[in-house]
Amino acid sequence: MYNLKNLLGEHMASRDGCAFSSAQFLALVESFYRRYASLEAGSSVLLYHSDSIEFAARLLALAQLPLDIVLPPNAQPQTLCDLQKITSFYAGELEADSPPGFTCVDAFAPDSSLACDLHWPGSAQGSGSLVFFTSGSSGPAKAIYKSWDAINCELETLEQTFICAESKPEHLSFVAMVSHQHIYGLLFKLLWPLRFGHFFEASSYQYPEHLAKRLGDHRRWLVVASPAQLSRLVDDNVLVPKRAQIERIFSSGGPLADSDAITLAEQLHQGVVQVYGSTETGGIGYRSVLSTTATPWQPFAGISLSTDEGRLALQSPLIDEPIRLLDDKGQVLSDGRFLLLGRADRTVKVAEKRVDLVGMEARLRQHPLVRACALLQLSSGRLGALVALSNAGESQASSREITVQLKAWLGQEFEAVCVPRKWRYFEQLPYNSQGKLIYSQLEQYFV
């Protein structure tokens, strides 16, 4: 058992550059734990908060108890409505117009007599699971339950893989351009530094200009970013003057174009560490692209891959089954490294967010103006929608009005960046003579 107090550095974090001590953080955790302790064992609690320190304090307080912690992918009204099937409790902040029916556990009366021997969570301490959500092949989002043992195994692997023995941990600091609400940001921005006593910046810097201003005070920074953010740096890399202070740059959540990776490596004098994995599988492998030669992925320690009819098959301590067939096609090399050769299903990444096109199509077909529809990812990376209108849709005055309504409809369940950018309307979808849609030919309608 790891005592939480012993894991944290004295000055563990900052918020917008202002120091935040471990004593302040532990006091926050204790205050929430005293409130949450009255929850019945086996309960589940939805956790959402935009501030990383407030989020982390609630997370570790809930993890002291045999509870499942539900981490929604977003705080959209439809998402919260769906999650009421799982829990009626929430901790943190929700939007003012969120659906009624949740009870805020932060408002529970604290038990001042309760002893607070805070520990790092694990199954031996009776912690529950973390519940993430990801799109399944059948359409609707499905819950992914991850034990704290699996989380801890992954954190140990990250520390052993990327933190050199000769590095001075007190000078290593984490700063992120991504949210802690998703598993990549949660692991890399919060849990990794918390578990191993590294310093972290609680604020998220979505814009590189703001990040560049933060990279100071004689620290060596591990920068956690998304491919989309890194790609925007290529033409005007404001991090170049700060490159001596950057220990590593991580990228995950979607593919980073090789050309962008090569340019960034030249600009920053180091390769971007791309991490491949998923919510279900955990981290699988990593690589840094430095040249136009095909760069294989290196599996993390304890992980091996094979192929089954062209698809990658995974063996990992982070999954429950002996072997799992992945949704990616690939080639495994003789030394155990592997190449990725594209997706084998209709789940795509849009601005680093995973979208199941089957599920989004199902949602779109529920609208009274829609008779049939087909979605595809365009060469720009955004989505395009082909829609055959119902009789009610055909009576509408303009396609622009219809587009506004359909975007709003999808926005109840999907984040705005995932909603299709381009829309085309038909009396009947362009099926071929066999009555099938050939998705590879549909982009011609958006040229």
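Up top is the structure these notes are about.
Residues numbered from 1 in each chain as written. Predicted model: local features only at pLDDT ≥ 70, side-chain atom pairs only at ≥ 80, totals over all residues. Heavy atoms only, no water.

Asks: Account for the sheet that holds strand β17 (residues 311-315), with residues named and values stated.
Replies: Judged by pairing direction, the sheet is antiparallel, and its 4 strands sit side by side in the order β16-β17-β18-β19 without closing on themselves. Whereas interior strands pair on both sides, the edge strands pair on one side only; in this sheet they are β16 (304-308) and β19 (338-343). Across the sheet, the mean angle from the axis of one strand to that of its neighbour is 55°, orientation sign disregarded. Relative to strand β18 (residues 324-332), β17 runs antiparallel, the two sharing 3 bridges. Each bridged residue has a counterpart across the sheet, and for L314 the counterpart in β18 is R324. (Pairing = 2+ DSSP bridges. Helix = DSSP H or I, 4+ residues; strand = E, 2+ residues; numbered from the N terminus. Axes fitted to C-alpha atoms, helices over the stretch in contact; angles between N-to-C directions.)

Asks: Can you explain the pattern of salt bridges? Please cite residues and give values.
Replies: Applying the stated criterion to the full structure yields 13 salt bridges. A salt bridge links E156 to R195, with the shortest nitrogen-to-oxygen separation between them at 3.2 Å. Within this pair, whereas E156 is found in helix α5 (residues 148-162), its partner R195 is found in helix α6 (residues 183-196), the two being separated by 39 residues in sequence. For E156, a relative accessible area of 27% puts it in the partly exposed group. The shortest N-O distance in the salt bridge between E321 and R324 comes to 2.6 Å. A relative accessible area of 28% places E321 in the partly exposed class. R324 sits in the partly exposed class, given a relative accessible area of 22%. (Salt bridge = Lys/Arg side-chain N within 4 Å of Asp/Glu carboxyl O. Buried < 20%, exposed > 50% of the residue type's maximum accessible area, 1.4 Å probe, protein only.)

Asks: Any chance you could break down empty space enclosed by the protein for me, citing the residues and the numbers?
Replies: Per the counting criterion, the structure on display carries 1 cavity of 30 Å³ or more. Approximately 40 Å³ is the volume attributed to the largest cavity. Around the largest cavity sit L7, L8, G9, H11, M12, P193, L194, G197, H198, F199 and F200, which together line it. Those elements that place two or more of their residues in the lining of the largest cavity are α6 and β10 (199-204). (1 Å grid on protein atoms, 1.4 Å probe; cavity = no way out; pocket = protein on both sides within 12 Å on 5 of 7 lines; lining within 4 Å. Points joined across faces, edges and corners; volume = space filled by probe spheres on them.)

Asks: Can you explain the side chain of S390? Please cite residues and give values.
Replies: Within the secondary structure, S390 is located in the loop between β23 (383-389) and α11 (391-394). A polar contact of 2.6 Å, which involves the side chain of S390, links it to the backbone oxygen of P368. Not counting the four nearest positions on each side in its chain, S390 is found in contact with P368, L369, V370 and R371. (Polar contact = N/O pair within 3.5 Å; in protein donor to acceptor, adjacent residues only side chain to side chain. Contact = heavy atoms within 4.5 Å.)

Asks: Which residues make up unusual backbone geometry, and what values do they have?
Replies: Of note in this structure, E309 is not a glycine but carries a positive phi near 50°. Topologically, E309 is positioned in the loop between β16 and β17. A positive phi angle, near 50°, is found at A351, a position not held by glycine. You can see A351 is positioned in the loop between β20 (347-350) and β21 (353-356). Assessed through its relative accessible area of 32%, A351 is described here as partly exposed.

Asks: An account of helix α12 (residues 399-411) is needed here, citing residue identities and associated values.
Replies: The periodicity of an α-helix, 3.6 residues per turn, causes residues three or four places apart in sequence to face the same way. When the terminal C-alpha atoms of α12 are compared, their 18 Å separation across 13 residues agrees well with the 18 Å that a helix rising 1.5 Å per residue should span. Listed as buried for α12 are I402, T403, L406 and L410. Buried residues of α12, viewed axially, fall in a sector of 100°; they line one side. Opposite the buried face of α12, at more than 90 degrees from it, the exposed residues are R400 and V404. Buried residues belonging to α12 abut α10 (357-365), β22 (370-377), β23, α11 and β24 (422-426). (Expected span 1.5 Å × (residues − 1). Arc of directions from axis to C-beta.)

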